[in-house]
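Coordinate inspection notes
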Amino acid sequence: MFPRVIQSKFVPSNTPVSASAIQNLKTFIETTKNLLVLTGAGISTPSGIPDYRSEGVGLYARSTNRPVLYQDFLKSAHIRQRYWARNYVGWPRFSSVLPNAAHYILSKWEKSGKIHWLVTQNVDALHLKAGTKLLTELHGSAHRVECLGCKQVFPRTRMQDLLSADNPDWQATSIDMAPDGDVQLTREQEKGFQVSSCTSCGGILKPQIIFFGDNVARPVVQFVYDQLKQCDGVLVVGSSLQVYSGYRFILAAKQAKKPVAIVNIGETRADRLVDLKVNGSCVDVLSQVDSIG
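Let us look at the structure shown here.

Calculation rules
Residues numbered from 1 in each chain as written. Predicted model: local features only at pLDDT ≥ 70, side-chain atom pairs only at ≥ 80, totals over all residues. Heavy atoms only, no water. Helix = DSSP H or I, 4+ residues; strand = E, 2+ residues; numbered from the N terminus. Buried < 20%, exposed > 50% of the residue type's maximum accessible area, 1.4 Å probe, protein only. Contact = heavy atoms within 4.5 Å. Areas by Shrake-Rupley, 256 points an atom, 1.4 Å probe, with all protein chains shown as cover. Pairing = 2+ DSSP bridges. Axes fitted to C-alpha atoms, helices over the stretch in contact; angles between N-to-C directions. Salt bridge = Lys/Arg side-chain N within 4 Å of Asp/Glu carboxyl O. Parallel < 35°, antiparallel > 145°, perpendicular 65-115°, else oblique. Left-handed = near helix turned anticlockwise from the far one by under 90°. Expected span 1.5 Å × (residues − 1). Phe/Tyr/Trp six-rings, centres within 6.5 Å; stacked < 30°, edge-to-face > 60°. Lys NZ or Arg CZ within 6 Å of the ring centre and 35° of its normal.

1. Some thoughts on the overall build of the chain
The helix and strand tally for the chain stands at 11 helices and nine strands. Taken across its 293 residues, the chain has 55% of its residues classed as buried. Considering only residue pairs separated by 6 or more positions, the chain has 72% of its internal contacts joining residues 24 or more positions apart. For the chain, the computed accessible surface area is about 13,400 Å², with 51% contributed by carbon and sulfur atoms.

2. Looking at the sheet that holds strand 6 (residues 205-209)
Two modes of strand pairing occur in sheets, parallel and antiparallel, and in both the strands are linked by backbone hydrogen bonds. With antiparallel pairing, three strands are arranged side by side in an open sheet as 5-4-6. Looking along the sheet, the strands with just one partner apiece sit at the ends: strand 5 (153-155) and strand 6. In this sheet, neighbouring strand axes are inclined to one another by 45° on average, regardless of whether the strands run parallel or antiparallel. Of the strand pairs in this sheet, strand 4 (residues 140-147) and strand 6 are connected by four bridges, and their pairing is antiparallel. Of the residues in strand 6, the one forming a bridge with Cys147 is Leu205. Here helix 7 (residues 156-166) sits on the sheet in contact with strand 4, strand 5 and strand 6, set at roughly 80° to strand 5.

3. Let's talk about the sheet that holds strand 3 (residues 135-137)
Pairing in this open sheet of six strands is parallel, and the strands run 3-2-1-7-8-9 from one edge to the other. Looking along the sheet, the strands with just one partner apiece sit at the ends: strand 3 and strand 9 (276-279). Ignoring which end each strand starts from, the neighbouring axes of this sheet average 15° apart. Where strand 1 (residues 35-39) meets strand 7 (residues 233-237), five bridges bridge the pair, whose relative direction is parallel.

4. Looking at the pattern of salt bridges
Counting across every chain of the model gives eight salt bridges. In this structure, Glu30 and Lys26 form a salt bridge, with 4.0 Å as the shortest nitrogen-oxygen distance. Linking Glu30 with Lys26, this pair stays in helix 1 (residues 19-30), spanning four residues, or about one helical turn. The salt bridge partner of Lys191 is Glu188, with a shortest N-O separation of 3.3 Å. Per residue, the accessibility class of Lys191 equals that of Glu188, and both read exposed.

5. As for the packing of helix 5 (residues 101-111) against helix 11 (residues 282-291)
Taken N-terminus to C-terminus, the directions of helix 5 and helix 11 make an angle of 40°; their axes are 8 Å apart at the nearest point. The angle between the axes of helix 5 and helix 11 places the two elements in the oblique class. The interaxial crossing formed by helix 5 with helix 11 has left-handed handedness. Here Ala101, Ala102, Ile105, Leu106, Lys108 and Trp109 of helix 5 lie close against helix 11, whose contacting residues are Cys282, Val283, Leu286, Ser287, Val289 and Asp290.

6. Quick word on helix 10 (residues 244-255)
Here helix 10 contains 12 residues, and its C-alpha end-to-end distance of 16 Å stays within 8% of the 16 Å for a straight helix at 1.5 Å per residue. Residues Ser245, Gly246, Tyr247, Arg248, Phe249, Ile250, Ala252 and Ala253 constitute the buried set of helix 10. Buried residues along helix 10 sit against strand 1, helix 9 (218-230), strand 7 and strand 8 (260-264). Note on helix 10: the residue one or two positions beyond its end, Lys257, has a positive phi of about 60°.

7. Concerning the pairing of strand 9
Here strand 9 shows a clear split, with Leu276 and Val278 buried on one side and none of Lys277 and Asn279 buried on the other. For strand 8 and strand 9, the ladder comprises four bridges, and the chain directions are parallel. Residue pairing for strand 9: Val263 is matched across the bridge by Val278.

8. With respect to the packing of aromatic side chains
In the structure shown here, the tally under the stated rule is 10 aromatic pairs. For the ring pair Phe73 and Phe211, a centre distance of 5.1 Å and an interplane angle of 65° mean the geometry is edge-to-face. Pair noted here: Phe73 is in helix 3 (residues 70-75) and Phe211 is in the loop between strand 6 and helix 9, with a separation of 138 residues, a long-range link. Like Phe73, the residue Phe211 is buried in the burial classification. For the pair Tyr225 and Phe249, a centre-to-centre distance of 5.0 Å together with 70° between the ring planes defines the contact as edge-to-face. Here Tyr225 is found in helix 9, whereas its partner Phe249 is found in helix 10, with 24 residues between them in sequence. Look at Phe249 and you get buried, because its relative accessible area is 4%. Pairwise contacts between aromatic rings join Phe73, Tyr83, Trp84 and Phe211 into one cluster. Directly above the ring of Phe154 sits Arg158, whose terminal nitrogen or CZ lies 4.5 Å from the centroid.

Structure below.
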């Protein structure tokens, strides 16, 4: 048995899915031989990681806090201080979040040969924790840090050690958490926080994620297009597809006349394009599909 809903605080209200909708999705999955799966924040909300846009429970609905923009991070030492102070406080909780049943079911389907490739827009590494191997982290991973100077990449756990060493007497707490592990701190709480630099070249350190205002690297985009060419169907799990970086692959799939199905709570940008839409919780829907013999 896979763990089901671990936390429901960030899962939008939804109604049970009909047996016919579950069967239709089961049929869709069975008739594809090489499935490409695209996942978004909605697959991780049951694990306790909020999304940005869900009505009533998303970050934008609950807070005035907004993600740091890429250019602001580059230009402003104060923005970097604010980002890393909040990330430092949020990291222990964010890094300990566990996959839920939906992550494990997709990993199981990969092992059985059903899934050709999985592309996630999430930076939480929950697919890796669940055992998925054939994976592209489209927006990077909050579990890695890169130097913008010498380009070395190292685990986020090492960054936590560096920040701890540079801030032995600094303390702050917060009960809030953002989709990338940020928490809400006041400006007073952020005061005095020292941002660590690269130990090799003294360069600026940044989480290896695609910030708002930045672009996914062209080789990564092309790689996903190549995987899309090899698949015979696309399944979207837990994404509203509001961000173009993921939506473009659905447009490409439809142009290539490949069938597309979506599992998501609420409307998506691609509802009018797809062959099947199941409006429901990722955990509940995938669990029911997986339980059908």
